[in-house]
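Survey of secondary and tertiary structure
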Amino acid sequence: MKSYLQLMRPANLVTAVSDVLAGLSLAALATVVATLPGNQPVWLLLISTIGLYGGGVVLNDVFDAQLDAVERPERAIPSGRVSLGQASALGVGLLVLGIGLAFLYSPTTGGIAALTAGLAVFYNRFGKHMSWFGPINMGLCRGFNLLLGVGAVGAAAVANLWWLALVPVIYIAAITMISRDEVHGGKRMTLYAAAGLYLLVSTAQLVMAYRSGTLALTIGFVALHLFLIGRPLIKAIQNPVGPNIGGAVKAGVLSLIVMNAAWVSVAGNWQLALGTLLLLPLSIWLAKAFAVT
C-alpha cells in the first residue's frame, strides 16, 4: 500500500484540495454569496480533485519509468515494488474517479474535470518535453483545478472568473521552470525569473484584496507565503545545486496551500482561510514520509 501512496504524492494531494477551497471562496465573493453553496455535496469535488491530481502524478511516473530507472531507481516502478501495468491502472482509475465525481456534482464541474485530466495526460506524455509550453501546460492543470471550485457555484461564475486560472498558470510555471534542474543543478537566471513570477502572483492577490476591501486580512497570508517560498529560493540562487533546487521546488509546491489560503482571505472568509492554512501542517507531515517532487 505504501508504494501506491508514494506514486500518488499524498502531500501534494492536500494542496489540490486547497485549490478547490480557494475557487469556492472566490466564486462566492463574485456572486455575493455569504457562504458555500447550500444543499450541494461539496465533498464530491474535494475527492474529485484528489482523484485528478493523484491520477496525474501516477501517470507521470508511468511515462517516466525508463528515465527514473536511471535517475531515480529507488522509486516504486523502477524498483519493481509496483509494476508498470498496476501503476497505469491506478492512474487511469483515479482520473476516471475524479471526472465521474465531478460530473455527479454538475455538468459544469464535470467538464472542467475532464479538461483537467486531459491536460494532465498531455503534459505527462508530451508537455513536459516542450521547453516553453511545458510549464504553461502544468500551470493550466492547476488553473482548471481552481476553476473546479469556482464551478461549484455554477457556470455563470466560471464565465465571469475564468481569468483566475491564469494566476496558478504563472505560479506553477515558475515551479516547473525550477524543477527541471533539480537533478543536475540549474542556472541562476532561471531562479531569478521564477522569483519574478512568484512576486507577480502575490501582487495580483494584494491588488484584488485592496479592491475587495480585505487587504488587512490578506496581507498576512501573502507575507507568510513569500517567506516560505523565499528562503529556499534564495538558498538555491546562492548555490544552484540539485538538492537546493529540489528544496525550492518542494517549498513551492507545499506553499500552494498558503497561496490558496490567501485567495480565501481575499474573499473575506477568515474562518475558511485559517482552515485552509491548517492543511499545511498535514501536507508537511505527509511530505516527511512521501516524496513531493
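Residues numbered from 1 in each chain as written. Predicted model: local features only at pLDDT ≥ 70, side-chain atom pairs only at ≥ 80, totals over all residues. Heavy atoms only, no water.

**As for the packing of helix 3 (residues 43-63) against helix 6 (residues 107-125)**
Filter applied, for reference: Note on method: axes are straight lines fitted to C-alpha atoms, helices fitted across the in-contact stretch only, with angles between N-to-C directions ranging 0 to 180 degrees. To qualify as a helix, a DSSP run of H or I must reach at least 4 residues; to qualify as a strand, a run of E must reach at least 2; elements of each kind are numbered from the N terminus. We call two directions roughly parallel when the angle between them is under 35 degrees, roughly antiparallel when it is over 145, roughly perpendicular when it lies between 65 and 115, and oblique otherwise. Should the near helix be turned anticlockwise from the far one by less than a right angle, the crossing is termed left-handed; should it be turned clockwise, right-handed. Contact criterion: two residues are considered in contact whenever any of their non-hydrogen atoms come within 4.5 Å of each other. Gly counts as polar in this scheme, as do all residues outside two lists: the nonpolar Ala, Val, Leu, Ile, Met, Phe, Trp, Tyr, Cys and Pro, and the charged Asp, Glu, Lys and Arg.
The contact between helix 3 and helix 6 brings their axes to 9 Å, and the two run at 15°. The angle between helix 3 and helix 6 places the two elements in the roughly parallel class. Once helix 3 is placed against helix 6, the crossing between them reads as right-handed. Of helix 6, the residues touching helix 3 (which contributes Leu45, Ser48, Leu52, Gly56, Leu59, Asn60 and Phe63) are Thr109, Ala113, Thr116, Ala117, Ala120, Val121, Asn124 and Arg125. For the contact of helix 3 with helix 6, a count of residues per class yields eight nonpolar, six polar and one charged.

**Re helix 15 (residues 279-289)**
Just so we agree on the cut-off: A 1.4 Å probe rolled over the protein chains alone gives each residue an accessible area, and that area as a share of the maximum for its type sets the label: buried under 20%, exposed over 50%, partly exposed in between. This arc corresponds to the set of directions leading from the helix axis out to the C-beta atoms.
By the burial criterion, the buried members of helix 15 are Leu279, Leu280, Ser283, Leu286 and Ala287. All buried residues of helix 15 lie within an arc of 125° about the axis, which places them on one face of the element. Away from its buried face by more than 90 degrees, helix 15 exposes Trp285 and Lys288.

**Digging into the UniProt feature "transmembrane region" (unreviewed entry) in the protein chain**
Convention followed: UniProt positions are given in the numbering used here, feature names are shortened, and annotations may be inferred rather than shown by experiment.
Mapped onto this numbering, the UniProt entry annotates "transmembrane region" (unreviewed entry) at residues 12-36, 42-63, 111-127, 139-156, 216-234, 246-266 and 272-291. Taken end to end, residues 111-127 has its terminal C-alpha atoms 21 Å apart, with 88% of it in helix and 0% in strand. A helix fraction of 85% and a strand fraction of 0% characterise residues 272-291, whose end C-alpha atoms lie 27 Å from each other.

**Points about the packing of aromatic side chains**
How two aromatic rings sit relative to each other is set out by the distance from centre to centre and by the angle between their planes. Let me state the cut-off plainly: A pair of aromatic rings is counted whenever rings of Phe, Tyr or Trp (Trp by its six-membered ring) have centres within 6.5 Å, and the orientation is called stacked for planes under 30 degrees apart, edge-to-face for over 60 and tilted otherwise.
Scanning the model with the defined rule gives three aromatic pairs in all. For the ring pair Phe122 and Phe126, a centre distance of 5.4 Å and an interplane angle of 45° mean the geometry is tilted. Relative accessible area serves as the criterion here: at 41%, Phe126 is assigned to the partly exposed category. Ring centres 6.2 Å apart and planes at 75° place the aromatic pair Phe122 and Phe133 in the edge-to-face group. With a gap of eleven residues between them, Phe122 in helix 6 and Phe133 in helix 7 (residues 133-150) connect regions that are remote in the sequence. Looking at Phe122, the relative accessible area reads 33%, which means it is partly exposed. An aromatic cluster of three or more residues is present, and its members are Phe122, Phe126 and Phe133.

**Remarks on helix 13 (residues 256-266)**
Counting buried residues in helix 13 gives eleven out of eleven residues, a clear majority hidden from the surface. For helix 13, the full list of buried residues reads Leu256, Ile257, Val258, Met259, Asn260, Ala261, Ala262, Trp263, Val264, Ser265 and Val266. Positive backbone phi, at 85°, marks Gly268, one or two positions downstream of helix 13.

**A look at the packing of helix 9 (residues 166-179) against helix 10 (residues 188-212)**
The geometry of helix 9 relative to helix 10 is characterised by a closest axis approach of 9 Å and an angle of 160° between their N-to-C directions. With respect to helix 10, the axis of helix 9 lies roughly antiparallel. When you trace helix 9 past helix 10, the crossing you get is left-handed. Between helix 9 and helix 10, the residues in contact are Val167, Ile170, Tyr171, Ala174, Ile175, Met177 and Ile178 and Thr190, Leu191, Ala193, Ala194, Leu197, Tyr198, Leu200 and Val201, respectively. Across the contact of helix 9 with helix 10, the residue classes tally to 14 nonpolar, one polar and no charged.

**Topic: the environment of Leu206**
Along the polypeptide, Leu206 turns up in helix 10. Using a relative accessible area of 26% as the deciding quantity, one classes Leu206 as partly exposed. In the structure, Leu206 is positioned 46 residues away from Asn160 in sequence and 20 Å away in space, judged by C-alpha atoms.

**Side note on the nonpolar core**
This is how it is decided: To form a nonpolar core, buried Ala, Val, Leu, Ile, Met, Phe, Trp, Tyr and Cys residues must be joined to one another through side-chain atoms within 4.5 Å.
Counting residues in hydrophobic clusters, the biggest one holds 84 residues, and the most contacted among them are Leu148, Tyr171, Ile178, Tyr198, Leu233 and Trp263. In terms of residue count, the dominant contributor to this core is helix 2 (residues 10-30) (ten residues).

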